[in-house]
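Structural overview
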Amino acid sequence: MVFKRRDPRTYSQMARDFVYPKGGFRRAIHYVLHRMRRLPDQPHRIARGIFAGTFVNFPPVYGVQMLSAAALAWVLRGNIIAALLATFLSNPLTTPFIAMGSLKLGHWMLGIEAPMTFMSVYAAFTDAGGQLWHNFRAAFTDDVAQWDKLIDFFWFIFWPYTIGAIIPGLVASFIAYYLSLPLIHAYQKLRSTRLREKSEKRKALKARLASVAKGIVPTRENGDDDPPGAA
């Protein structure tokens, strides 16, 4: 295969790169922004895609985040690739802050009084995951399915998380939209101008080469036709 890696990555390297990119987060962010600027689409469609991808970073849609971003971008008639790129703003460094902020806001909005620390949330996720796995195995064995921890997880974690993620998600998405729209428009205009200038230079060079090939020496301005050393 032409694009196959010379040294395939191991599973441990893949997990490490997922937590911390090989080139660092600065390089990863620069790559995402660079790709967004060069998308061949109208600025408002790209900005809508960024809106969709930014919003999806907030609700608890782990596992289907990119699919959700693509679906929302399609509904908003935005650029789907821009939406997928915007989901990379949610990473192992930012997700804990987003989750805890959304959870606390959701508990406050729903009037839920429960301990809300990182360890308590982590324990709730762990217990729910363990019980989900137990119920999956129970479907093929004689074990009895249990739902108490999953029910508690839904009402004290998942539902408040979802409700609390709406407001900050919308605020961040609108900020990303209104910041990216003029920047993308300006970048595309500048890039179009540069491409037009390069095209004009290539046309002028081709015309000059064609004239030389026909034995016609084009007249230069400002005395450029004078031989070297001439007064």
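Use the structure listed above.
This section reports on the structure supplied with the text. (Residues numbered from 1 in each chain as written. Predicted model: local features only at pLDDT ≥ 70, side-chain atom pairs only at ≥ 80, totals over all residues. Heavy atoms only, no water.)

Next up on the list: the overall build of the chain. Per the secondary structure count, the chain includes 8 helices and 0 strands. In sequence order, the chain lays out its α and β elements as α-α-α-α-α-α-α-α. By the burial criterion, 29% of the 231 residues in the chain qualify as buried. Within the chain, counting contacts between residues at least 6 apart in sequence, those at least 24 apart form 67% of the total. (Helix = DSSP H or I, 4+ residues; strand = E, 2+ residues; numbered from the N terminus. Buried < 20%, exposed > 50% of the residue type's maximum accessible area, 1.4 Å probe, protein only. Contact = heavy atoms within 4.5 Å.)

The next subject is helix 7 (residues 118-138). An ideal rise of 1.5 Å per residue puts 30 Å on 21 residues; helix 7 measures up with 30 Å between its terminal C-alpha atoms. Tucked inside the fold, the buried residues of helix 7 contact helix 6 (95-110) and helix 8 (148-213). (Expected span 1.5 Å × (residues − 1).)

One finds Leu 103, Met 116, Val 121, Phe 153, Ile 157 and Tyr 161 to be the most contacted residues of the largest nonpolar core, which totals 14 residues. Mapped by element, the contributors of at least two residues to this core are helix 6, helix 7 and helix 8. A total of 5 residues in this core trace back to one element, the largest contributor, which is helix 8. (Core = buried A, V, L, I, M, F, W, Y, C linked by side-chain atoms within 4.5 Å.)

On to the packing of aromatic side chains, then. Note on aromatic pairs: each is described by the distance of the centres and the angle between the planes. Within the structure shown, the criterion is met by 10 aromatic pairs. Between the aromatic rings of Phe 136 and Phe 140, the centroid separation amounts to 5.4 Å while the plane-to-plane angle is 65°, which identifies the pairing as edge-to-face. An angle of 20° between the planes, with centres 6.4 Å apart, marks the rings of Phe 154 and Trp 159 as stacked. The rings of Phe 51, Phe 174, Tyr 177 and Tyr 178 are connected pair by pair, giving a single aromatic cluster. (Phe/Tyr/Trp six-rings, centres within 6.5 Å; stacked < 30°, edge-to-face > 60°.)

A few words on the side chain of Gln 65. Take Gln 65: it is sitting in helix 4 (residues 65-75). When residues no more than four places from it in sequence are discounted, the contact partners of Gln 65 are Val 56, Asn 57, Thr 87 and Ser 90.

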